[in-house]
Amino acid sequence: MAKVSIDSLKALMVFKTLYEAGTASQAARILGITQSGVSRSLAQLEQNLGLMLFLREKNRLVATPEAGELYEEILRLMGNIEELRHSVLALKEFGTSRLRIAAIPGLAFGFVPRLIATLLERNRGFSIRFDMMSSHDVLRNVESGHADIGFVTLPASSRMLRIEEWLTTQARCLLPIGHRLSEQDEIIIHDLKDEHLVISNQPNIGADPLLNLAASHGIHIGGKTEANIGAITALVANGVGISVMNPITAMDQLAHGNSVVTLPFTPEIGFSFGLVYREDWKQAQVLEFIRESGRELLKAYV
């Protein structure tokens, strides 16, 4: 096995410059050394590696296939070194170089991606993994250490985690433009009589707050379409029906423009969101940055 030393690493950099420059004289000018110094470094590297990297043909150097592969390996090595440098900078600033985030779908279409972008604007050295899952699964993933922090629907409980309330907001009603109710100042529960509703699919349909509210007021609905929360605004925009959802998710999905009207809804349906993390993360530097940045981003929603 070839020995790796400071001298051999220097020789690799001379080789890289020579491979890119094409001639020893040009490489020498770039490196600020003599042409004989370039040749000597190349000879030592070939001897150390046991490879012929260049063919000498009529006073010129022709790179061998082995030289091409070595060059690609050097580029990969340099990329890893640069990644390491960024990681060290992130460690110095935030105390960690990686962050695993789990979030409920209601915050995963705009809010959490914006938060990640804010974090990377501060330091590009972070390695981030972002997963979208149910609130229950967010709790389990943070408890087990598969995620470092999580965003959940409140109330939530865990003997193992710290839970911080971040925001409580009231649901908005989403209607297609041109719908008979779209010109009203607000939508009340009785307006939903005989209307087709678009609701989030979930394991227990009986837990849907809008259906429960309609049932408690004796409101007969015209039908329902259950869908992934990420598709609800698109379904409303296409005239499938009416929905009632938290304004954060609605604003994130309507950011690029949809044919949807959003109106206040009565009686109020509250949605609360919070941050969860393990006890050993309470002093993490990055956690304070996430708190400050996240709460600043939430101001745009209220």
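Residues numbered from 1 in each chain as written. Predicted model: local features only at pLDDT ≥ 70, side-chain atom pairs only at ≥ 80, totals over all residues. Heavy atoms only, no water.

Enquirer: Tell me about the sheet that holds strand β5 (residues 149–154), and name the residues and values.
Expert: Overall, mixed pairing links the five strands, which are arranged β4-β3-β5-β13-β6 in an open sheet. Each of the sheet's edge strands pairs with one partner strand only, and the pair in question is β4 (127–132) and β6 (161–170). Within this sheet the neighbouring strands show an average axis-to-axis angle of 20°, counted without direction. Pairing geometry for strand β3 (residues 98–103) and β4, over six bridges, is parallel. Across the sheet, residue Ile101 finds its bridge partner in β4, namely Phe130. Strand contacts of helix α7 (residues 135–144): β3, β5, β6 and β13 (270–278), with the helix running at about 145° to β5, the strand carrying the most contacts. Those strands touched by helix α11 (residues 285–298) are β3, β5, β6 and β13, and its axis lies near 10° from that of β6. (Pairing = 2+ DSSP bridges. Helix = DSSP H or I, 4+ residues; strand = E, 2+ residues; numbered from the N terminus. Axes fitted to C-alpha atoms, helices over the stretch in contact; angles between N-to-C directions. Contact = heavy atoms within 4.5 Å.)

Enquirer: Outline the environment of Ile101, listing residues and values.
Expert: As for its placement among the helices and strands, Ile101 is situated in strand β3. Separated by 29 residues in the primary sequence, Ile101 and Phe130 have C-alpha atoms spaced 4.8 Å apart. Once you skip the residues sitting within four places of it in the chain, Ile101 turns out to touch Val112, Ile116, Ile128, Arg129, Phe130, Asp131, Ile149 and Phe151.

Enquirer: Give a detailed account of the packing of aromatic side chains, specifying residues and quantitative values.
Expert: All chains considered together, the criterion is met by six aromatic pairs. When the centroid spacing of 4.5 Å and the interplanar angle of 20° are considered together, the rings of Tyr19 and Tyr71 count as stacked. Separated by 52 residues along the polypeptide, Tyr19 in helix α1 (residues 6–21) and Tyr71 in helix α4 (residues 65–94) bring together distant segments of the chain. A relative accessible area of 29% means that Tyr19 is categorised as partly exposed. Geometrically, the ring pair formed by Phe111 and Trp166 is edge-to-face, given 6.4 Å between the ring centres and 85° between the ring planes. Of this pair, Phe111 sits in helix α6 (residues 111–122) while Trp166 is found in strand β6, placing the two residues 55 residues apart along the sequence. Joined through ring pairs, the aromatic side chains of Phe15, Tyr19, Phe54 and Tyr71 make up one cluster. (Phe/Tyr/Trp six-rings, centres within 6.5 Å; stacked < 30°, edge-to-face > 60°. Buried < 20%, exposed > 50% of the residue type's maximum accessible area, 1.4 Å probe, protein only.)

Enquirer: Got a sec to walk through the nonpolar core? Specific residues and values, please.
Expert: Counting 59 residues, the largest nonpolar core has Phe111, Ile149, Phe151, Leu192 and Phe265 as the members making the most contacts within it. The element contributing the most residues to this core is α6, with six residues. Not counting chain neighbours up to four residues away, the residues in contact with Phe265 comprise Ala171, Cys173, Ile187, Ile188, Ile189, Leu192, Leu210, Leu213 and Val244. (Core = buried A, V, L, I, M, F, W, Y, C linked by side-chain atoms within 4.5 Å.)

Enquirer: Explain a nonpolar patch on the surface residue by residue, including any values.
Expert: Taken together, the side chains of Met13, Leu75 and Met78 define a hydrophobic patch exposed on the protein surface, amounting to about 230 Å² of accessible area. With respect to the helices, strands and loops of the structure, Leu75 is situated in helix α4. Accessibility expressed as a relative area gives 34% for Leu75, which makes it partly exposed. (Patch = residues over 30% accessible without salt bridge, like charges linked within 9 Å, V, L, I, M, F, W, Y side chains within 5 Å. Areas by Shrake-Rupley, 256 points an atom, 1.4 Å probe, with all protein chains shown as cover. Salt bridge = Lys/Arg side-chain N within 4 Å of Asp/Glu carboxyl O.)

Enquirer: Residues and numbers for the environment of Ile290, please.
Expert: Relative to the elements of secondary structure, Ile290 occurs in helix α11. By relative accessible area, Ile290 is classed as buried at 3%. Excluding residues that lie within four positions of it along the chain, Ile290 makes contacts with Leu99, Leu115, Ile149, Phe151, Trp166 and Arg295.

Enquirer: Please provide a residue-by-residue account of the pattern of salt bridges, values included.
Expert: Where side chains of opposite charge bring their charged atoms close, a pairing between them can arise. In this structure the tally under the stated criterion is 14 salt bridges. A salt bridge links Arg180 to Glu195, with the shortest nitrogen-to-oxygen separation between them at 2.9 Å. Of this pair, Arg180 sits in the loop between β7 (172–176) and β8 (187–188) while Glu195 sits in the loop between β8 and β9 (196–200), placing them 15 residues apart in sequence. Residue Arg180 is classed as exposed on the basis of its relative accessible area, which comes to 58%. A single network of salt bridges, built from pairs that share partners, joins Arg100, Asp148, Arg278 and Asp280.

Enquirer: Give me the lowdown on the sheet that holds β8, citing residues and values where you can.
Expert: Here we have four strands laid out as an open sheet, ordered β8-β12-β7-β11, and mixed in their pairing. The sheet is open, and its two borders are formed by β8 and β11 (243–245), each paired with just one other strand. Of the strand pairs in this sheet, β8 and strand β12 (residues 260–266) are connected by two bridges, and their pairing is parallel. Across the sheet, residue Ile188 finds its bridge partner in β12, namely Thr266.

Enquirer: Quick rundown of the side chain of Asn246? Include the residues and the values.
Expert: On the secondary structure map, Asn246 appears in the loop between β11 and α10 (247–253). Only 2.8 Å separates the side chain of Asn246 from the side chain of Thr249, close enough to count as a polar contact. With residues near it in sequence (within four places) discarded, Asn246 still touches Ala171, Phe271 and Phe273. (Polar contact = N/O pair within 3.5 Å; in protein donor to acceptor, adjacent residues only side chain to side chain.)

Enquirer: Would you mind going over α7 in detail, with residue names and values included?
Expert: Along α7, the positions that sit buried rather than exposed are Ser135, Val138, Leu139, Val142 and Glu143. The buried residues of α7 occupy one face: seen down the axis, they fall within an arc of 130°. Taken together, the buried residues of α7 touch β3, β5, β6 and β13. Taken from the residues just after α7, Gly145 is the one with a positive phi, measuring 90°. (Arc of directions from axis to C-beta.)

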